[in-house]
Amino acid sequence: MTTCSSVSIFHASFSNPSGVVVNKRWQMWMGQMAIAAGLASVMACGGGDGGSGGPNSPSGPTVSSTGSVGAIGATITITGSGVSPSQVTVSVGQSIRFVNNDSRAHDMSSDPHPAHTACPSLNRGSIAAGQTRDSNGFGNAGTCTYHDHNDDTNGSLKGRITIQ
Ligand SMILES: [Cu+2]
């Protein structure tokens, strides 16, 4: 059990009736300070569950995934020359569609390589020649960049998606 004695100390000092006439404004100010201090000590004592979002928490994705395919906001075609267009803009909740018109497979994946963690919506596996693949929906506004995981240093197979 956690001890938070400061709360009861403050409570005692203000529940003790006194014959001395105290300036009312001063009394109210002291009361507010006691409440503030009491709340602060409760919050300080209440910790210990580790919480989330603290400085030691692992950073999540830059743009979350809705977990399912949304309306197609943009179509990106892959050929032997690379991706086109390399920069597109879609709305929050929408997906992008990759059309692989090249003669080899491409594995379009979120940056950074090889973790692929920034925009998990994009990690939809290898797209065989002639096939089409839709991303999952983008869950919030932001910027997603991607690469071909099979050819991660090829600049013509990198692109940028702005979600707004
Ligand atoms: Cu990769």
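Look up a bit, the structure's there.
Each chain has its residues counted from 1, following the order in which its sequence is written. The predicted nature of this model means local features are confined to residues of pLDDT at least 70 and side-chain atom pairs, given and counted, to a pLDDT of 80 or more, with totals for whole chains, interfaces and linings taken over all residues.

Draft legend 1. Up close: the environment of H147. Every helix listed is a DSSP run of H or I at least four residues long, and every strand listed is a run of E at least two residues long, numbered separately from the N terminus. With respect to the secondary-structure elements, H147 resides in strand β7 (residues 142-148). The contact partners of H147, leaving out residues within four places of it in the chain, are S109, D111, H113, D152, L157 and K158. Once C-beta atoms have been placed from the backbone, residue pairs whose C-beta atoms lie within 7 Å are recorded as contacts.

Draft legend 2. The arrangement of the pairing of strand β1 (residues 72-79) in detail. Paired strands, in this sense, are two strands between which DSSP finds at least two bridges. Across six bridges, β1 lies against strand β4 (residues 95-100) in parallel orientation. Residue pairing for β4: T77 is matched across the bridge by V99. Alignment of β1 against strand β2 (residues 82-84), held across three bridges, turns out to be antiparallel. Pairing of T79 across the sheet is with G82, part of β2. Counting the residues in the hairpin turn of β1 and β2 gives two residues.

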